[in-house]
Amino acid sequence: MQIVVIDGQGGRMGKTMIEQLRAAQVEAEIWAVGTNSIATAAMVKAGADYGSTGENPVVVAAKQADIIVGPIGIVIADALWGEITPAMAVAVGQSRAEKVLLPVNKCNNHVVTTTSAGTGEILASAVSYILQYCQTN
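Described in the following lines is the structure provided in the data block.

1. Some remarks on the side chain of Asn36
No. 1: Position of Asn36 relative to the elements: it lies in the loop between strand E2 (29-34) and helix H2 (37-45).
No. 2: At a separation of 3.0 Å, a polar atom in the side chain of Asn36 contacts the main-chain carbonyl oxygen of Gln9.
No. 3: In this structure the side chain of Asn36 is engaged in a polar contact, spanning 3.1 Å, whose partner is the side chain of Glu83.
No. 4: Setting aside chain neighbours within four positions, we find Asn36 in contact with Gly8, Gln9, Thr53 and Glu83.

Spelled out as structure tokens, the structure:
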């Protein structure tokens, strides 16, 4: 099982996701793909097996992933303050991977949810879903 965690800016959400996946002992290879080197470094430091940065690594990883995790902006061109290129958004959107998109209301994108969960609760729910997905696939 290959889990690709995509994040940008400071990589804090991706870093926390990887830490929680490691703590949950998910049996998968975790790839960290940052839209910038700061995000990549944070995710690698958190325990990712591999790390890479930029548009082409997103495109390549999206083809090989079983699960892609990241803020919802990874499927929206020009999101994350312009760090998501159209090619990145298309690659993630067209990937056969199961996509676990974390609702983040920034960059002129607002996700209307039925709950007002904080980031910690959202990440915990995502980790729980990923563990269940890995066990059934």
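2. A look at the environment of Val60
No. 1: Take Val60: it is sitting in helix H3 (residues 55-64).
No. 2: Sequence separation of Val60 and Val92 is 32 residues, and the distance between their C-alpha atoms is 9.8 Å.

3. A word on unusual backbone geometry
No. 1: Phi angles above zero are rare outside glycine, and Asp78 is one such case at about 75°.
No. 2: The topology assignment puts Asp78 in the loop between strand E4 (67-71) and helix H4 (79-82).
No. 3: A positive phi angle, close to 60°, is found at Trp81, a residue other than glycine.
No. 4: Mapped onto the fold, Trp81 is located in helix H4.
No. 5: You can call Trp81 exposed: its relative accessible area is 65%.

Cut-offs applied
- Residues numbered from 1 in each chain as written.
- Predicted model: local features only at pLDDT ≥ 70, side-chain atom pairs only at ≥ 80, totals over all residues.
- Heavy atoms only, no water.
- Helix = DSSP H or I, 4+ residues; strand = E, 2+ residues; numbered from the N terminus.
- Polar contact = N/O pair within 3.5 Å; in protein donor to acceptor, adjacent residues only side chain to side chain.
- Contact = heavy atoms within 4.5 Å.
- Buried < 20%, exposed > 50% of the residue type's maximum accessible area, 1.4 Å probe, protein only.

Coordinates in, geometry out; function isn't part of it.
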